[in-house]
Amino acid sequence: GNSVTQMEGPVTLSEEAFLTINCTYTATGYPSLFWYVQYPGEGLQLLLKATKADDKGSNKGFEATYRKETTSFHLEKGSVQVSDSAVYFCALSEGSNTGKLIFGQGTTLQVKP
Amino acid sequence: NAGVTQTPKFQVLKTGQSMTLQCAQDMNHEYMSWYRQDPGMGLRLIHYSVGAGITDQGEVPNGYNVSRSTTEDFPLRLLSAAPSQTSVYFCASRQGNTGELFFGEGSRLTVL
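Attention now goes to the overall build of chain A. Scanning chain A from terminus to terminus reveals 0 helices and 12 strands. The secondary structure elements of chain A, listed N-terminal to C-terminal, are β-β-β-β-β-β-β-β-β-β-β-β. Computed over the C-alpha atoms, the radius of gyration of chain A is 14 Å, within 12% of the 13 Å expected from 2.2 N^0.38 for a compact globule of 113 residues. The C-alpha extent of chain A, read off along each of the three principal axes, is 45 × 30 × 20 Å. Within chain A, buried positions represent 44% of all 113 residues. Once the 9 positive and 11 negative side-chain charges of chain A are each reduced to a mean point, those two points are 5 Å apart.

Grouped together as the largest cluster of nonpolar side chains are 27 residues, with contacts concentrated most on A:L19, A:W35, A:L47, A:L48, A:F73, A:L75 and A:Y88. Only β2 (11-14), β3 (19-21), β4 (23-26), β5 (32-38), β6 (44-50), β8 (62-65), β10 (86-93) and β12 (107-112) of chain A provide two or more residues apiece to this core. A total of 4 residues in this core trace back to one element, the largest contributor, which is β10(A). In this structure, A:L47 is in contact with A:W35, A:Y36, A:V37, A:N59, A:K60, A:F62, A:L75 and A:Y88, ignoring residues within four places of it in sequence. Core analysis: the next-biggest nonpolar cluster, separate from the first, contains 18 residues, B:V4, B:M32, B:Y64 and B:V66 among them.

Moving on, we get to the environment of B:A24. Residues and elements named next belong to chain B. Residue placement: A24 occurs in strand β3 (residues 19-25). Expressed as a C-alpha distance, the spacing of A24 and Y35, which sit 11 residues apart in the sequence, is 15 Å. In this structure A24 touches G3, V4, T5, E72 and D73, once residues within four positions along its chain are discounted.

Whether parallel or antiparallel, the strands of a sheet pair through hydrogen bonds between backbone atoms. Residue and element names in this part refer to chain A. Overall, antiparallel pairing links the 4 strands, which are arranged β3-β9-β8-β7 in an open sheet. The two strands at the open ends of the sheet, each matched to only one other strand, are β3 and β7 (56-59). Strand-to-strand twist across the sheet, computed as the mean angle between neighbouring axes with direction ignored, equals 15°. With 3 bridges joining them, β8 and strand β9 (residues 75-77) adopt antiparallel strand pairing. Directly across from E63, in β9, lies its bridge partner E76.

Cut-off values and rules
Residues numbered from 1 in each chain as written. Chains lettered and ligands numbered in written order. Predicted model: local features only at pLDDT ≥ 70, side-chain atom pairs only at ≥ 80, totals over all residues. Heavy atoms only, no water. Helix = DSSP H or I, 4+ residues; strand = E, 2+ residues; numbered from the N terminus. Rg over C-alpha atoms; globule rule 2.2 N^0.38 Å. Buried < 20%, exposed > 50% of the residue type's maximum accessible area, 1.4 Å probe, protein only. Lys, Arg positive; Asp, Glu negative; His and termini not counted. Charge placed at Lys NZ, Arg CZ, Asp CG, Glu CD. Core = buried A, V, L, I, M, F, W, Y, C linked by side-chain atoms within 4.5 Å. Contact = heavy atoms within 4.5 Å. Pairing = 2+ DSSP bridges. Axes fitted to C-alpha atoms, helices over the stretch in contact; angles between N-to-C directions.

Printed below as a string of structure tokens:
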């Protein structure tokens, strides 16, 4: 079945460091890919998405490129801030009929001043 | 601008008790779903609904029931709670096939 695998956390960085969180997927067809972010005590929010191969999603300085050849959707940010501390989830959409999203296990990011 | 509203936010149950987690959305979304979040497991889909009167099972449906009598509401019922159901539960909705899910703030359930 479809699945999403993320790098294990926690990831601890100093402020202004470069961030990469790896995400790879297994899916039939051409799923849409997403990154969601969960701040402490809150629900998940959509951070960015890409709907087809080579698309780049971007938001709030974060970017991810849909790489079909490597089945990856790695999240990057050039300079992290303390306020970026959160749990990040990679997810794929199974398709139009069910609308289900399959999530990775989440990666905790802690940014220190 | 309510979005997706879940109640209660916290609940403690004893093994064998029943309860219902409420979920309501005011965005007229057809699709609604329930996830549970457990450490190291990410979010796992329990049940989902693509419209009023239509529900289906997700990855981990055992021990949970749902119904969808209106577009707005999608309650999750635990008929006989077990400690394995201790988790944080999230309700989410979306319109059509856009892919973006809108989440509630979560309900933390502890079963003793």
